[in-house]
Amino acid sequence: MRYHGLALGILSWAVLLAAPVEAAQRLKITLSNQEWPPYMGQGLPYDGILSRLVKEAFARGGVDVAFRYYPNNRTLQSARNGQVDGSFGWAPTAERKHDLLYTLPVLSARMVFYQRKSRRLEWSRWADLKGARVGVTVGNYYSDEFDAEAKNGTLSVDSAPDDLVNLRKLLAGRIDLFPIDMEVGRYLIAHHFTPVQAVQLEPQSRSFWSAPLHVVIWRKHAQGKELVERFNRGLKALQDSGDFERLLQETREACLKPRGYPR
């Protein structure tokens, strides 16, 4: 009994001594954020789908995250020049890698064509879409392949100032297809169309382009590599536990809730 009590005493002291060490190992960082609903946004539940997943993955790697919001055109630059520790929602390019370290991808933006249910267009190659009126938003990028097909005349494009205008044109039958990220399309329809209107529009099941969305850390950050490793470890734990898909679906539903997008 005396030995058992001694062992418990040693164990208790070990726990007390280890606790401050464990706390000291936890890091705090600030990531730049922007308005890109439903992935990111200050007024969204949990700051949006991607914001929540990034924060949860970092938390499992022992890192606490705060967000600092910037105008869209300054969000990435704030991470590249070290104003913040990093950012997220970015695809890798050779130019960006000069200033930034990349984690594993969190999600992928899936570009799909939205269409009217009354005029479904099946296609397996770009040539199948010849003659279809395709809406595009001025300033948006839809992939090199899409741009090439628009330039050579296979795709007949019709420009509009923003995504919402294009969705309204689609509903009115002024265009046949509109390319947009799957989640963004769902969000806009949920918040700007009545249920009767919304049920008339649908995304095609296949995507024509997919862009990975990564967390980026300022390359000159003293703990940059450690932050990348911690995030990757936390992301894997989140995925392996099944919580990744649960949180994704839960946050998506919360973001779509105001109008109840018909699924």
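Residues numbered from 1 in each chain as written. Predicted model: local features only at pLDDT ≥ 70, side-chain atom pairs only at ≥ 80, totals over all residues. Heavy atoms only, no water.

Q: Would you mind going over the overall build of the protein chain in detail, with residue names and values included?
A: The number of helices and strands found in the protein chain is nine helices and nine strands. Buried residues in the protein chain amount to 47% of all 263 residues. For the protein chain, restricting intrachain contacts to residue pairs at least 6 apart in sequence, the fraction spanning at least 24 positions comes to 75%. (Helix = DSSP H or I, 4+ residues; strand = E, 2+ residues; numbered from the N terminus. Buried < 20%, exposed > 50% of the residue type's maximum accessible area, 1.4 Å probe, protein only. Contact = heavy atoms within 4.5 Å.)

Q: Outline unusual backbone geometry, listing residues and values.
A: Put simply, P37 and P38 share a cis peptide bond, and its omega is 5°. Following the sequence through the fold, P38 ends up in the loop between strand 1 (27-33) and helix 2 (49-60). With a phi close to 65°, D47 is a non-glycine residue in the positive phi region. Within the element layout of this structure, D47 appears in the loop between strand 1 and helix 2. On the basis of relative accessible area, D47 is assigned to the buried category, the value being 19%. At S143, a position not held by glycine, the phi torsion is positive, near 110°. Position of S143 among the secondary structure elements: in the loop between strand 5 (133-137) and helix 4 (144-151). On the basis of relative accessibility, which here comes to 4%, the residue S143 falls in the buried class.

Q: Break down the nonpolar core for me, with residues and values.
A: Counting 66 residues, the largest nonpolar core has F58, V106 and L107 as the members making the most contacts within it. The dominant element in this core, judged by the number of residues it contributes, is strand 4 (residues 100-116), at eight residues. Apart from residues lying up to four places away in sequence, F58 is in contact with I29, L31, V63, V65, V215, I217, L227 and F231. With eight residues, the next largest nonpolar core counts Y70, L76, A79 and Y102 among its residues. (Core = buried A, V, L, I, M, F, W, Y, C linked by side-chain atoms within 4.5 Å.)

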